[in-house]
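Chains, contacts and geometry: an overview
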Amino acid sequence: MPLPSTSRPTTSSEMFLFSPSSSYPRPFACVVGADARLVHAWSSPIGQADPETNPPTWLRGWNHVELGPDGHLYAMVPLHCLLKLAPDSTLVWQAHLPVHHDLDITRSGEIYVLTEEPRSITSRGQRHVLLDNTVTVLGPDGQLRAAYSLYDILSTEPHLLELVDGVVEEHRAAGHTADPGTLALRLTRGDGWARGRDVSRFLRTRPGSPSDVLHANTVEVLDAHPHGLWAAGDVLVSFRNLDLIAALDLRSQKVRWWWGPGELSGQHQPSVLPGGSVLVFDNGRAPRRSRILEIDPVTNQAVWEHGPDGLFCEMAGGCEQLSDGTVLVSDAQAGRGMKVTRDGRIDWSLEVSTAATAQRSRAEFYRMAAVPTAAVPVLGNGDRPARALASSRVTCRLIATTRSAT
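Cut-offs used in this document
- Residues numbered from 1 in each chain as written.
- Predicted model: local features only at pLDDT ≥ 70, side-chain atom pairs only at ≥ 80, totals over all residues.
- Heavy atoms only, no water.
- Helix = DSSP H or I, 4+ residues; strand = E, 2+ residues; numbered from the N terminus.
- Buried < 20%, exposed > 50% of the residue type's maximum accessible area, 1.4 Å probe, protein only.
- Polar contact = N/O pair within 3.5 Å; in protein donor to acceptor, adjacent residues only side chain to side chain.
- Contact = heavy atoms within 4.5 Å.
- Pairing = 2+ DSSP bridges.
- Axes fitted to C-alpha atoms, helices over the stretch in contact; angles between N-to-C directions.
- Arc of directions from axis to C-beta.
- Expected span 1.5 Å × (residues − 1).
- Core = buried A, V, L, I, M, F, W, Y, C linked by side-chain atoms within 4.5 Å.
- Salt bridge = Lys/Arg side-chain N within 4 Å of Asp/Glu carboxyl O.

Okay, the side chain of Asn 63 next. On the secondary structure map, Asn 63 appears in the loop between strand E3 (38-43) and strand E4 (65-67). Classification of Asn 63 by relative accessible area gives buried; the value is 16%. A distance of 2.4 Å separates a polar side-chain atom of Asn 63 from the backbone nitrogen of His 101. Residues in contact with Asn 63, not counting those within four places in the same chain, are Met 76, Pro 78, His 100, His 101 and Tyr 366.

A word on the sheet that holds strand E14 (residues 216-221). What the four strands build is an open sheet, ordered E14-E15-E16-E17; its pairing is antiparallel. The open sheet has two free edges, formed respectively by E14 and strand E17 (254-259), since each of these has just one partner strand. In this sheet, adjacent strand axes meet at a mean angle of 20° when their direction is disregarded. Looking at chain direction, strand E15 (residues 235-239) and strand E16 (residues 244-249) are connected through five bridges and run antiparallel. When the sheet's bridge partners are listed, Leu 236 is paired in E16 with Ala 247.

We now examine helix H5 (residues 384-393). All of the buried residues along H5 are Ala 386, Ala 390 and Arg 393. What you see down the axis of H5 is that its buried residues fit within an arc of 75°, all on one side. Structural note: H5 exposes Arg 384, Pro 385, Ser 391 and Ser 392 on the side pointing more than 90 degrees away from its buried face. The N-cap residue of H5 is Asp 383: its side-chain oxygen and the backbone nitrogen of Ala 386 are 3.1 Å apart.

The four strands lie next to each other as E4-E5-E6-E7, forming an open sheet whose pairing is antiparallel. The sheet terminates laterally at E4 and strand E7 (91-95), the two strands that pair on one side only. Across the sheet, the mean angle from the axis of one strand to that of its neighbour is 15°, orientation sign disregarded. Relative to strand E5 (residues 73-77), E4 runs antiparallel, the two sharing three bridges.

Tracing the chain through its elements places Glu 116 in strand E9 (residues 111-123). With a relative accessible area of 2%, Glu 116 lands in the buried category. The residues touching Glu 116, leaving out its near neighbours within four places in the chain, are Leu 79, Pro 98, His 100, Leu 131, Asp 132, Asn 133, Thr 134, Arg 195, Ser 200 and Arg 204.

The subject of this paragraph is the environment of Arg 201. Residue position: Arg 201 is located in helix H4 (residues 197-204). A residue is classified by how much of its surface remains accessible, and Arg 201, at 25% relative accessible area, is partly exposed. Distance from Arg 201 to Pro 55, taken between C-alpha atoms, is 8.6 Å for residues 146 residues apart in sequence. For Arg 201, the residues in contact, after removing those within four places along its chain, are Thr 53, Asn 54, Pro 55, Pro 56, Trp 58 and Leu 59. Polar contacts involving the side chain of Arg 201 include one to the main-chain carbonyl oxygen of Thr 53, which spans 3.3 Å.

Spacing of three or four residues puts side chains on the same side of an α-helix, whose turn is 3.6 residues. In a regular helix each residue adds 1.5 Å, so 16 residues correspond to 22 Å; helix H2 (residues 158-173) covers 22 Å between its end C-alpha atoms and thus fits that length. For H2, the complete set of buried residues consists of Leu 160, Val 164, Asp 165, Val 167, Val 168, His 171 and Arg 172. The buried residues of H2 all sit within an arc of 155° when viewed along its axis, so they share a single face. For H2, exposure combined with an orientation more than 90 degrees from the buried face picks out Pro 158, His 159, Glu 170 and Ala 173.

What follows covers the nonpolar core. Among the nonpolar cores identified, the biggest contains 36 residues, and Phe 18, Ile 292 and Met 368 are the most heavily contacted of them. Listed by contribution, the elements that provide at least two residues to this core are strand E1 (11-18), strand E2 (28-33), strand E19 (278-282), strand E23 (327-331), strand E24 (336-340), strand E25 (345-354) and H5. With sequence-adjacent residues up to four places away left out, Met 368 is seen in contact with Phe 16, Leu 17, Phe 18, Glu 320, Leu 328, Ser 330, Gly 337, Trp 348, Leu 350 and Val 352.

Glancing now at the pattern of salt bridges. Enumeration over the complete set of coordinates arrives at 19 salt bridges. Where Glu 294 meets Arg 342, a salt bridge forms, and the shortest distance between an N and an O atom there is 2.5 Å. Separated by 48 residues along the polypeptide, Glu 294 in strand E20 (residues 291-296) and Arg 342 in the loop between E24 and E25 bring together distant segments of the chain. For Glu 294, a relative accessible area of 11% puts it in the buried group. Accessibility expressed as a relative area gives 31% for Arg 342, which makes it partly exposed. It is possible to trace a salt-bridge network through shared partners that takes in Glu 116, Arg 204 and Asp 212.

This paragraph deals with unusual backbone geometry. Following Tyr 24, the chain continues to Pro 25 via a peptide bond in cis, the omega torsion being 10°. Of note, Gln 253 is a non-glycine position whose phi angle comes to about 55°, a positive value. Relative to the assigned elements, Gln 253 resides in the loop between E16 and E17. One non-glycine residue with positive phi stands out, namely Gln 269, at about 50°. Here Gln 269 is to be found in strand E18 (residues 268-272). Classification of Gln 269 as buried rests on a relative accessible area of 10%.

Relative to the helices and strands, Ser 265 resides in the loop between E17 and E18. For Ser 265, a relative accessible area of 10% gives the class buried. Between the C-alpha atom of Ser 265 and that of Asn 241, which follows or precedes it by 24 residues, the distance is 8.2 Å. In terms of polar contacts, Ser 265 uses its side chain to reach the backbone amide nitrogen of Arg 285, at 3.2 Å. A distance of 2.8 Å separates the side chain of Ser 265 from the backbone nitrogen of Ala 286, its partner in a polar contact.

Encoded structure:
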């Protein structure tokens, strides 16, 4: 397979995409302008879990949405399928995969998406059922092209294998493990391990969620690093439960660069900036204080940090640099998006709230993202029912439009 073209699309600093967490059983995604007005919406009930099964919040709605430069929406039905929706919400294609958390679209239209596979591993001489995370590659038509085990790649680096084994051992010490042979009676099928939201739900409902060791939450296809740390076509992945971000060569099964243990705590959405540094949202689960870091991967030292008092987003959230140089921060649990300048001031801030539901998520949305500039001309028309649904369920309030000290 040839290496994909990975140049990042130019983004608009005036339009933003998000999907409210409390939009089940007919999830929707919104584009809002910098003035907090609804510009466009998509909605589809395809693939949603049956309400009679009382699914947990993390199996409801759309786990993550991504907007392609052509205005098509990629929506994740968590651990079940990936949808590609036209601007009017009609289904273009559906890929039945246990998708979760994130995807990236290359210039050639390939989709790199995080998926999940239960498997039995041997850790420090004992067997353990692991929810392995994989990077699955789809063609522009949604057809499977390749899949790569992230556990297998991490295992090639002794320090990272020890890190994984250490987390597994923590589960054992807390009594959160079970005999893999017993689990296999419920989790296997004729051609191998079963997968999908029912299996993942069963494993995660065990005390301490013992199988969710890696918890990948970000994937980004990379351009070549200016100092050769990684090559074009490698991927940057965030592993929340390991406090780890790593650049990986999927095809050669190698770890090119890694950082984070002892520095990060439950991080989300690392991305590589044009000069080769890495921007990351450090959720700060342990210290209970979030911050945005820019790391020089050559020295592994922070070259910029923004961590104002009062910012704490324990789960979800993220950050990305916009085309105007500001940083869009997703304070997901507070339902807030902010544009922060490099001198630490808020340039713009938006508050999102959704109508109450019987079972609310702990975050208003998973992530807010800037809209690709190329997609802007096709937005604004299309799915009127989705716009009506979004207008009735979500409220956006502009908090600040001028720079103020954080």
